[in-house]
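As a plain string of letters, each chain reads:
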Amino acid sequence: MTIAKPAHKRILLKLSGEALMGDDQFGINRDTIVRMVEEVAEVTRLGVEVAVVIGGGNIFRGVAGGSTGIDRATADYMGMLATVMNALALADTMNKAGLVARVMSAIAIEQVVEPYVRPKALQYLEEGKVVVFAAGTGNPFFTTDTAAALRGAEIGAEVVLKATKVDGVYTADPKLDATATRYTKLSFDEAMSRNLGIMDATAFALCRDQKLPIKVFSIFKHGALKRVVMGEDEGTLVYA
Ligand SMILES: Nc1ncnc2c1ncn2[C@@H]1O[C@H](COP(=O)(O)OP(=O)(O)O)[C@@H](O)[C@H]1O
Ligand SMILES: O=c1ccn([C@@H]2O[C@H](COP(=O)(O)OP(=O)(O)O)[C@@H](O)[C@H]2O)c(=O)[nH]1
């Protein structure tokens, strides 16, 4: 009997901040974060190197209502700090679950987390540690999706796994159209021409230029991350 091998050696997992809320209105839901870490742990046990970019939308978003009247750049820095909080919670939960996690921040807050240094991140990944990238790209006017594309390209990830609330890309918004069907895969050009919002335009363009495939899947579906990593039919693959 041959044992199935993972389809990917190194992945970049983008987790939205909102995913951490669970059914709460904001913040970090304990059961949800523990469950998410279990899904990640399962994949690391297969020998896959995992880097994570975490969002901050559960705490603060630069363009959200709570930032009304605040300068956009300032609000965005607040959003980046929110991702640092999530990263600390995520890494702490990972360490308690028996993983070894390291947080690297795109903005210097050296008493709290170490700065992002690419060779160091690569070293951690080679050592089997999970690297959690915090503070997005470190620049206002960007998103953590763009950070996922950027870091994914930098560390030579084979794929960016975009974890969302829906289990893939559909022919139309499945919340509004019950007849929408899920794509198993589609090319960057098809996604563009059909105007399917998979990631924001900057993130999407970066992945397309770098020929870095994106897999959209649901983090709320138990075992989905593992099935994605094993190359099974789960979510939607966007390819060059
Ligand atoms: N063609 C489509 N395929 C899948 N989801 C879609 C599509 N168009 C719109 N959506 C919507 O996109 C949302 C999924 O993105 P979400 O998890 O909110 O992403 P993010 O993590 O960027 O906030 C869902 O609310 C879904 O209804
Ligand atoms: O490179 C980045 C990444 C994030 N942000 C800010 O951080 C917030 C939280 O990130 P995001 O909205 O991407 O989080 P998610 O939707 O994944 O929870 C954003 O609204 C921005 O204000 C930013 O300014 N630059």
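Described in the following lines is the structure provided in the data block. (Residues numbered from 1 in each chain as written. Chains lettered and ligands numbered in written order. Predicted model: local features only at pLDDT ≥ 70, side-chain atom pairs only at ≥ 80, totals over all residues. Heavy atoms only, no water.)

1. A closer look at the site of ligand 2
Near ligand 2 you find 20 residues, and of these Arg-61, Asp-76, Thr-137, Asn-139 and Thr-144 are the closest. The contact in question runs from an oxygen atom of ligand 2 to an N or O atom on the backbone of Gly-56, over 3.1 Å. Within the side chain of Asp-76, a nitrogen or oxygen atom sits 2.5 Å from an oxygen atom of ligand 2. Expressed as a share of its isolated accessible area of 520 Å², the protein-covered part of ligand 2 is 93%. Considering only residue class, the shell around ligand 2 consists of 4 nonpolar, 12 polar and 4 charged. (Near = heavy atom within 4 Å. Polar contact = N/O pair within 3.5 Å; in protein donor to acceptor, adjacent residues only side chain to side chain. Areas by Shrake-Rupley, 256 points an atom, 1.4 Å probe, with all protein chains shown as cover. Nonpolar A, V, L, I, M, F, W, Y, C, P; charged D, E, K, R; others polar.)

2. Some points on the site of ligand 1
By nearness alone, 13 residues border ligand 1, and Lys-162, Lys-165, Tyr-170, Asp-173 and Lys-175 come closest of all. One of the backbone N or O atoms of Tyr-170 is found 2.7 Å from a nitrogen atom in ligand 1. Within the side chain of Lys-175, one N or O atom sits 2.8 Å away from an oxygen atom of ligand 1. Considering ligand 1 on its own, with 570 Å² of exposed area, one finds that the protein chains cover 75% of that surface.

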